[in-house]
Each structure stands twice: as structure tokens, then as C-alpha cells.
Amino acid sequence: MKNIFPLILIALFYSCKSDQQKTKNVENNLYKTTDIEYNLGDVTSGLEGPAVDVNGNLYFVNPFKSGSIGMFDPPGQFQMFIDQLPEGSTGNGIRFGSRGMMYIADYTGHNILQVNMTNKKITVYAHNDGMTQPNDIAITSSNIIFASDPDWKNESGQIWRIDTNGTFTLLETNMGTTNGIEVSPDEKTLYVNESVQRNIWAYDLSKTGDISNKRLLAKVKDFGMDGMRCDVEGNLYITRHGKGTILILSPSGEKINEVTLKGKKPSNIAFGGSEGKTCFVTLQDRGFIEKFETAHAGRTFVMNSK
């Protein structure tokens, strides 16, 4: 296999010139980028699903072939974590639950897979033939999982809830192409974006995982959207597939900043690093993982560190 040396983008904030500016969202500042070299090797165009465990290891799907899961440890050394998922399974989104288990959206097998991080045993946590995929997943502190379920052919989609006993509940259907999905830090709001229609929706979220009061948080005018994640302040980081940026919105939907990447097809984003303030972004057109620093730690990083 031919080796390549992907560059990992690090974005650092310039310091504000006044104390008043420093108290505002640091994301409004300019970004300075430098490169670090990793030896990753040939990758597929399906690079997706970044997620960071409590030990700071970064996981992502399909680094060499479909159905595999790769890992970077905190010093930046790569290893193959899972060489091949069960037959018929292909990973997309990854999340970690409060018990340290890895959950994988298996879009070809219509499963949520569970991985025991101690022995790497893979089991089907939940299965539903009524799903088109799933694509991406979000998780609460009580391990309730939400899954986006796009039908790309018909430009439609659904939202599912997967309870801790593995049962599915269809929360909404007849939507656009549901893709990125996330829960707010207080777990009172569920966010879902529609890639083709370019909408970002917000729902009130109950403790039992029911949704209500659907409202349009924001709409973008061009390009697509993919995975998205919240920081602990509730700001939403949205991958702009085709545009090559990360759009950062406040909880009320106001634009805070937009981070320009080297690649044009970011697929998903995760928070990691020593303080949870490093954003890792998978780029499908480059086969690289880029990263930048932000002002606030990620929601799930803090949740799983407790």
C-alpha cells in the first residue's frame, strides 16, 4: 500500500486587543493555521465519524477500506482499531456513551453497533429493517441515542430514537435529507440538519427523548451540510460539505464564525485534545483529518469525562 503523509490542520486564535473583546466569543477572532505531518497511508473517500474517547484517542471510520475503524492516540500515532466490521456492516457516525461503550451508525446493515473497548467485541445493539440507513447519531448522558436516517435517492429523511433497551421509536418522518444530529448541553434541545434542503431544525427535547415544538434554527443559501456537534456553551459546529468550512452558530442560530478548511468536503467533526477544545474534522476529498482549536470544550467530551 502506497504511503502518503497527510497534513493535519491546526487553527489557533489570535489574541484580542482589549479585555472587552476577550470576554466575547473567542471564535470571532481570526485563525492562524499551521501544519503537522502524520503518516496515515492511503485512505478511502468514506472518511467519517470522528469521535474521541475518555483517554483522548481519536477514532474514525473507513481509513483504508469500507468497514474499518482507525485510531490516532494522543501523541499522533496511528493504528487500525478494527480491521473489519461484521459482514454487511459499514460505519458512519461514532459516539461514546457514559459507560465507555462505542456506538456506531451502521448504514448498510441498518444497525447501531456496540463495541466493547476492552476486548473489541462487536455486537448489534439495535437493528431496524425499517431504516434507510442510519447516517449519524447523537447520545445523551442517559445513553438515549438519536439517529438521522436520510433517503438520498428521494431527498427525504427521518429521525429515530433508540432507547437503552435497543428499541426504536420513529420521532419524525417526511423530512428532507436528515444528516447531522446533535443534542444541546442541557439536553433540552435536539438539532437536525437537512443536507439537500439546507435547513437546520431545533426541537424541544424531553427527559424521555420525546421531541416537540419544531422550529427552523437556521438556513444556509448554498452547498451542503454534514455532521455537527455542540460545545459546552451550546454553540453548534456544522460541517459545510462542498464549501470546505465549519459554520459555528449560537444556540439562537446567529452566526459566530466560519472556519475555512484546506479540503472542500468535510464530513464530520469531534472535540478532543487535553481540554476538549480541539476540533477534529474528517475531509473526504483530501483523505485527511484537519484540526483547529476553539474556545470551549465539546459537549460529549465533558459529559464523558465526568
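Below: a short report on this structure.

### Overview of the overall build of the chain
Regarding its fold elements, the chain presents two helices and 25 strands. Taking all 306 residues of the chain together, the buried fraction comes to 57%. Looking at the chain as shown, the accessible area adds up to about 12900 Å², and 47% of this sits on carbon and sulfur atoms.

### Description of the packing of aromatic side chains
The tally for this structure, following the rule as stated, stands at nine aromatic pairs. Between Phe64 and Phe78, the aromatic rings sit 5.3 Å apart at their centres with planes inclined by 65 degrees, giving edge-to-face as the arrangement. Of this pair, Phe64 sits in the loop between strand 4 (58-61) and strand 5 (69-72) while Phe78 sits in strand 6 (residues 78-82), placing them 14 residues apart in sequence. Owing to a relative accessible area of 23%, Phe64 belongs among the partly exposed residues under this scheme. Every member of this aromatic cluster is reached through a ring pair, and the members are Phe60, Phe64, Phe72 and Phe78.

### Some points on the side chain of Ser68
Locating Ser68 in the fold gives a position in the loop between strand 4 and strand 5. Here Lys65 takes part through its backbone oxygen, which lies 2.7 Å from a polar atom of the side chain of Ser68. Every residue in contact with Ser68, bar those within four places of it in the chain, is listed here: Phe60, Val61, Asn62, Pro63, Met80, Ile82 and Asp83.

### Section: the sheet that holds strand 10 (residues 122-127)
The strands making up a sheet associate through backbone hydrogen bonding, with each pair oriented either parallel or antiparallel. If you trace the four strands from one edge of the open sheet to the other, you get 7-8-9-10, paired in antiparallel fashion. With one partner strand each, in any of the chains shown, strand 7 (91-96) and strand 10 form the two edges of the open sheet. Averaged over all pairs of adjacent strands, the angle between their axes in this sheet comes to 30 degrees, without regard to strand direction. As judged from the four bridges shared by strand 7 and strand 8 (residues 102-106), these two strands associate in the antiparallel manner. The residue of strand 8 that forms the bridge with Arg95 is Tyr103.

### Some details on the sheet that holds strand 3 (residues 48-52)
Sheet architecture is open: four strands sit in the order 3-4-5-6, paired in antiparallel fashion. On the outer flanks of this sheet lie strand 3 and strand 6, each paired with one strand and no other. Neighbour-to-neighbour, the strand axes of the sheet open up by a mean angle of 25 degrees, direction not taken into account. Taken together, the four bridges between strand 4 and strand 5 define a ladder with antiparallel strand orientation. Within strand 5, the residue paired with Val61 across the bridge is Ile69.

### Quick word on the pairing of strand 5
Neither face of strand 5 is left uncovered, since the one carrying Ile69 and Met71 and the one carrying Gly70 and Phe72 both have all their residues buried. Note: strand 5 against strand 6, four bridges, orientation antiparallel. Paired with Met71 across the strands is Gln79, a residue of strand 6. Remark: five residues form the turn of the hairpin made by strand 5 and strand 6, two consecutive strands paired antiparallel; Gly76 in that turn has positive phi of roughly 100 degrees.

### Side note on the pattern of salt bridges
Scanning the model with the defined rule gives 12 salt bridges in all. Of the charged contacts, one joins Lys214 and Glu172 as a salt bridge, the two residues approaching to 3.1 Å between their closest N and O atoms. In this pair, Lys214 sits in strand 18 (residues 211-219) while Glu172 sits in strand 14 (residues 168-175), placing the two residues 42 residues apart along the sequence. Note that Glu258 and Lys255 form a salt bridge whose closest N and O atoms lie 3.2 Å from each other. Its relative accessible area of 55% is what places Lys255 among the exposed residues. Members of the salt-bridge network, linked through shared partners, are Arg95, Glu182 and Arg299.

### Quick look at unusual backbone geometry
Following Gln133, the chain continues to Pro134 via a peptide bond in cis, the omega torsion being 15 degrees. Mapped onto the fold, Pro134 is located in the loop between strand 10 and strand 11 (137-139). Despite not being glycine, Lys120 has its phi angle at roughly 65 degrees, a positive value. In this fold, Lys120 is placed in the loop between strand 9 (111-115) and strand 10. Of note, Glu187 is a non-glycine position whose phi angle comes to about 60 degrees, a positive value. Relative to the helices and strands, Glu187 resides in the loop between strand 15 (178-183) and strand 16 (189-194).

### Some words on the pairing of strand 21 (residues 245-249)
The side chains of a regular strand alternate between the sheet's two faces. The element strand 21 is extensively covered by neighbouring structure, given that five of its five residues are classed as buried. Of the two faces of strand 21, the one holding Thr245, Leu247 and Leu249 and the one holding Ile246 and Ile248 are both buried throughout. As judged from the five bridges shared by strand 20 (residues 236-240) and strand 21, these two strands associate in the antiparallel manner. Bridge pairing links Leu236 to Leu249 in strand 21. In sequence, strand 20 turns back onto strand 21 through a hairpin of four residues, with Gly242 there showing a positive phi of about 95 degrees. Here strand 21 pairs with strand 22 (residues 255-260) via five bridges, running antiparallel. Its bridge partner being in strand 22, Thr245 is matched across the sheet by Thr260. Where strand 21 folds back on strand 22, the antiparallel hairpin that results is connected by five residues, among which Gly253 adopts a positive phi of roughly 90 degrees.

Criteria and cut-off values
- Residues numbered from 1 in each chain as written.
- Predicted model: local features only at pLDDT ≥ 70, side-chain atom pairs only at ≥ 80, totals over all residues.
- Heavy atoms only, no water.
- Helix = DSSP H or I, 4+ residues; strand = E, 2+ residues; numbered from the N terminus.
- Buried < 20%, exposed > 50% of the residue type's maximum accessible area, 1.4 Å probe, protein only.
- Areas by Shrake-Rupley, 256 points an atom, 1.4 Å probe, with all protein chains shown as cover.
- Phe/Tyr/Trp six-rings, centres within 6.5 Å; stacked < 30°, edge-to-face > 60°.
- Polar contact = N/O pair within 3.5 Å; in protein donor to acceptor, adjacent residues only side chain to side chain.
- Contact = heavy atoms within 4.5 Å.
- Pairing = 2+ DSSP bridges.
- Axes fitted to C-alpha atoms, helices over the stretch in contact; angles between N-to-C directions.
- Salt bridge = Lys/Arg side-chain N within 4 Å of Asp/Glu carboxyl O.

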